[in-house]
Amino acid sequence: MADPRRAIPGVDRLLAQPWCRLLIGSRGRVWITARVRAVLDDVRAGAVPVPDSVADYEELVQMEVARAETLSLRSVINATGVILHTNLGRAPIAPEARDAMRAAGGYGNVEFDLDTGERGSRYSHCAGLVTELLGAGDALVVNNGAGAVAVALTAHAAGKGVAVSHGELVEIGGGFRIPEVVEAAGARLVTVGTTNRTRLEDYARAVEAGGVGAILKVHRSNFSMSGFTEEATLAELVRLGTGAEVPVIHDLGSGLLVDSGRLGLPYEPTPAQSVAAGVDLVAFSGDKLLGGPQAGILAGKAGGVARARANPLCRALRCDKVTLAGLEATLTLYRNPDRAMERVPVLRMITARVEDLELSAHKVVRVVAGLRAEAGAEPLRLEVVRGRSLVGGGTFPDARLPTAVLRIEAGSAAERWMAALRAHAPPIVARSRQGRILIDFRTLGAGGDFIVAAALSGLDADAPGGE
Ligand SMILES: *Cc1c(COP(=O)(O)O)cnc(C)c1O
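**Notes on the overall build of the protein chain**
Part 1 of the argument: Helices and strands together make up the secondary structure of the protein chain, namely 19 helices and 16 strands.
Part 2 of the argument: Its C-alpha atoms give the protein chain principal-axis dimensions of about 95 × 55 × 40 Å.
Part 3 of the argument: Relative to its 467 residues, the protein chain shows a buried fraction of 49%.
Part 4 of the argument: Here the analysis covers contacts within the protein chain between residues at least 6 apart in sequence; of these, 73% occur between residues at least 24 apart.
Part 5 of the argument: As displayed, the protein chain offers around 22400 Å² of accessible surface, 51% of which is attributable to carbon and sulfur atoms.
Part 6 of the argument: Averaged over its 52 positive side-chain charges, the protein chain has a centre that lies 2 Å from the centre of its 52 negative ones.

What follows is the structure, encoded as structure tokens:
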């Protein structure tokens, strides 16, 4: 038999086809030529069967064009059960925030005052809402939480000392280490107390020694300490700071805007409490427990915020109009905490009832069984079991939320099926352990269960031996 590869057409022959000329018209000759070459390389390498005719190359070229046009940053289904999954973009935002962000893509009054027709301030947009929600004197929004801390320290303590408890020299994910942040702010770290116990007197001694430009309290977001421990309260530090005219900065991290009791989780301090305690500045993230877009928020006394706003680093870390729009829409939901609990996906996911997640998982089992039977595909070995979700994002390190997990016995097919789930449109990111694929229903989001059902019914059927 003749080698079928001898019948493979040349690049020019394909480029001259009417369908190819249409593609060239919309995408340009150079780029389509590269796509055609890629297809021909695949065919020659035996990666795909040799098409029977020149016309049959159209589908291959169209597929290659679609592949090459897929955006790098895509929307995925989070089946990991980690709600604030940093690798998956942390907080999924509320529909109201998505709408606002889409609308903000065009022109907007970002730095324009519509009342006077004069230049306005970018920093005016969310400030009113934050001060209203927290009872703060003023507020400032920058690019992220780390940026907010950096701006606060640079503005208040550059060239001076920053007093921090030994027990709060923490590392947040992504290499954000308090000693390095203090150093990057041009300040000098003055550690006080010990790892497990730091008292007010420890701070007082450091302040009395002179040269301290700020007292920094850091929330140990991502780990907990128990046993023989002691720490100074914010109120004590504020009293010390006020007497000595040293600003108190609170790096709070997550920015929970509802009472943690509503989440059914252990106590978690809120920025409103920091403000009420009288700190000069509290810094927190927009995309952790607040459930908005990536942003860093500084709130507190008017003078402390003004000083941060005037620092050049604030300009360097400013956030864009799309973020401001999404954050404003998210913050608006918190005017009514009940509404925030319903509309902010992070809060919804934290409080979802395991019984409801189980119902949804059982429904997917039935739908997948039905669809696979209809398609004549081998049934999958599926079971709904209890598992534990995590809040993630360096928050509530000890909390485990009881959840419903769909467990798929995949055996030796586990890796292949995980890859198939990632290749699904939209991609599904799950966990796997010892030949089992685990789909946590807590983090799937609205409509995610249907997408999972569709993906599972399409998994190839050569049945794995469950070991
Ligand atoms: C998460 C966190 C940060 C950093 O915030 P990003 O928004 O991730 O930049 C800073 N401090 C604390 C205590 C945190 O938990």
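Continuing now.
**Overview of the site of the ligand**
Part 1 of the argument: Around the ligand, a shell composed of R90, N144, G145, A146, I172, F176, H219, S221, D251, G253, S285 and K288 is seen.
Part 2 of the argument: Here S221 contributes a side-chain N or O atom positioned 2.6 Å from an oxygen atom of the ligand.
Part 3 of the argument: In the environment of the ligand, an oxygen atom lies 2.7 Å from a nitrogen or oxygen atom belonging to the side chain of K288.
Part 4 of the argument: For the shell around the ligand, the secondary-structure elements that each account for two or more residues are α7 (145-157) and β9 (248-253).
Part 5 of the argument: When the residues that make up the shell around the ligand are grouped by side-chain class, the tally is 3 nonpolar, 6 polar and 3 charged.

**Things to note about the confidence of the model for the protein chain**
Part 1 of the argument: Per-residue confidence for the protein chain averages 95 on the pLDDT scale, and 98% of its residues sit at or above 70.
Part 2 of the argument: Within the model, pLDDT remains below 50 along residues 463-467, and this stretch shows 12 contacts once partners closer than five positions in the same chain are excluded.

**Some thoughts on the environment of E69**
Part 1 of the argument: Structurally, E69 is set in helix α4 (residues 57-69).
Part 2 of the argument: As a C-alpha pair, E69 and E268 span 199 residues in sequence and 44 Å in three-dimensional space.
Part 3 of the argument: Setting aside residues no more than four positions away along its own chain, E69 makes contact with R27 and W31.

**Focus: the domain arrangement of the protein chain**
Part 1 of the argument: When cut into domains, the protein chain gives domain 1 (8-67), domain 2 (77-83 + 351-457) and domain 3 (95-343).
Part 2 of the argument: Each partner contributes residues to the interface: domain 2 has 10 residues there, and domain 3 has 13 residues.
Part 3 of the argument: Here domain 2 and domain 3 share an interface that buries about 890 Å² over both sides, 73% of which is from carbon and sulfur atoms.
Part 4 of the argument: In this assembly, domain 2 and domain 3 are joined by 0 salt bridges.
Part 5 of the argument: Our count for the contact surface shared by domain 2 and domain 3 stands at 2 residue pairs in polar contact (both at pLDDT 80 or more).
Part 6 of the argument: Here the side of domain 2 that touches domain 3 is composed, by residue class, of 5 nonpolar, 4 polar and 1 charged.

**Overview of the packing of aromatic side chains**
Part 1 of the argument: Under the defined criterion, the tally for this structure stands at 0 aromatic pairs.
Part 2 of the argument: The ring of W31 has R35 sitting right over it, with the charged end atom 4.7 Å from the ring centre.
Part 3 of the argument: The ring of F228 has R197 sitting right over it, with the charged end atom 3.8 Å from the ring centre.

**Details of the sheet that holds strand β12 (residues 382-392)**
Part 1 of the argument: With respect to topology, 5 strands assemble into an open sheet ordered β2-β12-β13-β16-β15, the strand pairing being mixed. The open sheet terminates on both sides in strands that have one partner only, identified here as β2 (82-84) and β15 (431-433). Put simply, the sheet's adjacent strands are angled 35 degrees from each other on average, direction ignored.
Part 2 of the argument: Examined bridge by bridge, strand β13 (residues 401-409) and strand β16 (residues 436-440) share 5 bridges and lie antiparallel to one another. Within the sheet, the bridge partner assigned to L406 lies in β16 and is I439.

**Topic: helix α10 (residues 234-244)**
Part 1 of the argument: Those residues of α10 that sit buried are L234, L237, V238, L240 and G241. Along the axis of α10, the buried positions cluster into a sector of 165 degrees, meaning they face one direction only. Seen from the open side of α10, the exposed residues pointing more than 90 degrees away from its buried face are R239, T242 and G243.
Part 2 of the argument: Those residues of α10 hidden inside the fold are in contact with α9 (200-209), β8 (212-218), β9 and α11 (271-277).

**Some details on the side chain of R220**
Part 1 of the argument: As for its placement among the helices and strands, R220 is situated in the loop between β8 and α10.
Part 2 of the argument: For R220, a relative accessible area of 16% translates into the label buried.
Part 3 of the argument: For R220, the side chain forms a polar contact with the main-chain oxygen of G167, separated by 3.1 Å.
Part 4 of the argument: Leaving out residues up to four positions away in the same chain, R220 has contacts with G167, E168, V170, M225 and E231.

**Thoughts on the pairing of strand β11 (residues 296-300)**
Part 1 of the argument: Among the 5 residues of β11, 5 are classified as buried, and the element is accordingly described as predominantly covered.
Part 2 of the argument: Of the two faces of β11, the one holding G296, L298 and G300 and the one holding I297 and A299 are both buried throughout.
Part 3 of the argument: Here strand β3 (residues 138-142) runs beside β11; their pairing, made up of 5 bridges, is antiparallel. Directly across from V141, in β11, lies its bridge partner I297.
Part 4 of the argument: Bridge count between strand β10 (residues 281-285) and β11: 5 bridges; the pairing is antiparallel. Looking at β11, one finds that S285 is bridged to G296.

**Brief notes about the sheet that holds β11**
Sheet strands line up and pair through hydrogen bonds in the backbone, either parallel or antiparallel.
Part 1 of the argument: Read across the sheet, 7 strands follow the order β3-β11-β10-β9-β8-β4-β7 without closing on themselves; strand pairing throughout is mixed. Edge positions in the sheet fall to β3 and β7 (188-192), since each of these pairs with one other strand and no more. Each strand axis lies, on average, 25 degrees off the axis of its neighbour in the sheet, ignoring direction.
Part 2 of the argument: In the sheet, β9 pairs with β10 via 4 bridges, with the strands oriented parallel. What sits directly across from G253, in β10, is F284.
Part 3 of the argument: Packing against the sheet, helix α6 (residues 127-134) makes contact with β3, β10 and β11, and its axis sits at approximately 125 degrees to β3.

**A closer look at unusual backbone geometry**
Part 1 of the argument: Geometrically, the link from A425 to P426 is a cis peptide bond, its omega value of -5 degrees lying close to zero.
Part 2 of the argument: Within the secondary structure layout, P426 lies in the loop between α18 (414-423) and β14 (428-429).
Part 3 of the argument: For E245, which is not a glycine, the phi torsion comes out positive at approximately 55 degrees.
Part 4 of the argument: Within the secondary structure, E245 is located in the loop between α10 and β9.
Part 5 of the argument: Residue classification places E245 among the exposed residues on the basis of a relative accessible area of 74%.
Part 6 of the argument: A positive phi is found at F396, a non-glycine position, where the angle reads about 40 degrees.
Part 7 of the argument: Mapped onto the elements, F396 comes out in the loop between β12 and β13.
Part 8 of the argument: Take F396: its relative accessible area is 5%, and that puts it in the buried class.

Rules used in this analysis
- Residues numbered from 1 in each chain as written.
- Predicted model: local features only at pLDDT ≥ 70, side-chain atom pairs only at ≥ 80, totals over all residues.
- Heavy atoms only, no water.
- Helix = DSSP H or I, 4+ residues; strand = E, 2+ residues; numbered from the N terminus.
- Buried < 20%, exposed > 50% of the residue type's maximum accessible area, 1.4 Å probe, protein only.
- Contact = heavy atoms within 4.5 Å.
- Areas by Shrake-Rupley, 256 points an atom, 1.4 Å probe, with all protein chains shown as cover.
- Lys, Arg positive; Asp, Glu negative; His and termini not counted.
- Charge placed at Lys NZ, Arg CZ, Asp CG, Glu CD.
- Near = heavy atom within 4 Å.
- Polar contact = N/O pair within 3.5 Å; in protein donor to acceptor, adjacent residues only side chain to side chain.
- Nonpolar A, V, L, I, M, F, W, Y, C, P; charged D, E, K, R; others polar.
- pLDDT = per-residue confidence, 0-100.
- Domains from an automatic or database assignment.
- Buried area = accessible area lost by both parts, 1.4 Å probe.
- Salt bridge = Lys/Arg side-chain N within 4 Å of Asp/Glu carboxyl O.
- Phe/Tyr/Trp six-rings, centres within 6.5 Å; stacked < 30°, edge-to-face > 60°.
- Lys NZ or Arg CZ within 6 Å of the ring centre and 35° of its normal.
- Pairing = 2+ DSSP bridges.
- Axes fitted to C-alpha atoms, helices over the stretch in contact; angles between N-to-C directions.
- Arc of directions from axis to C-beta.

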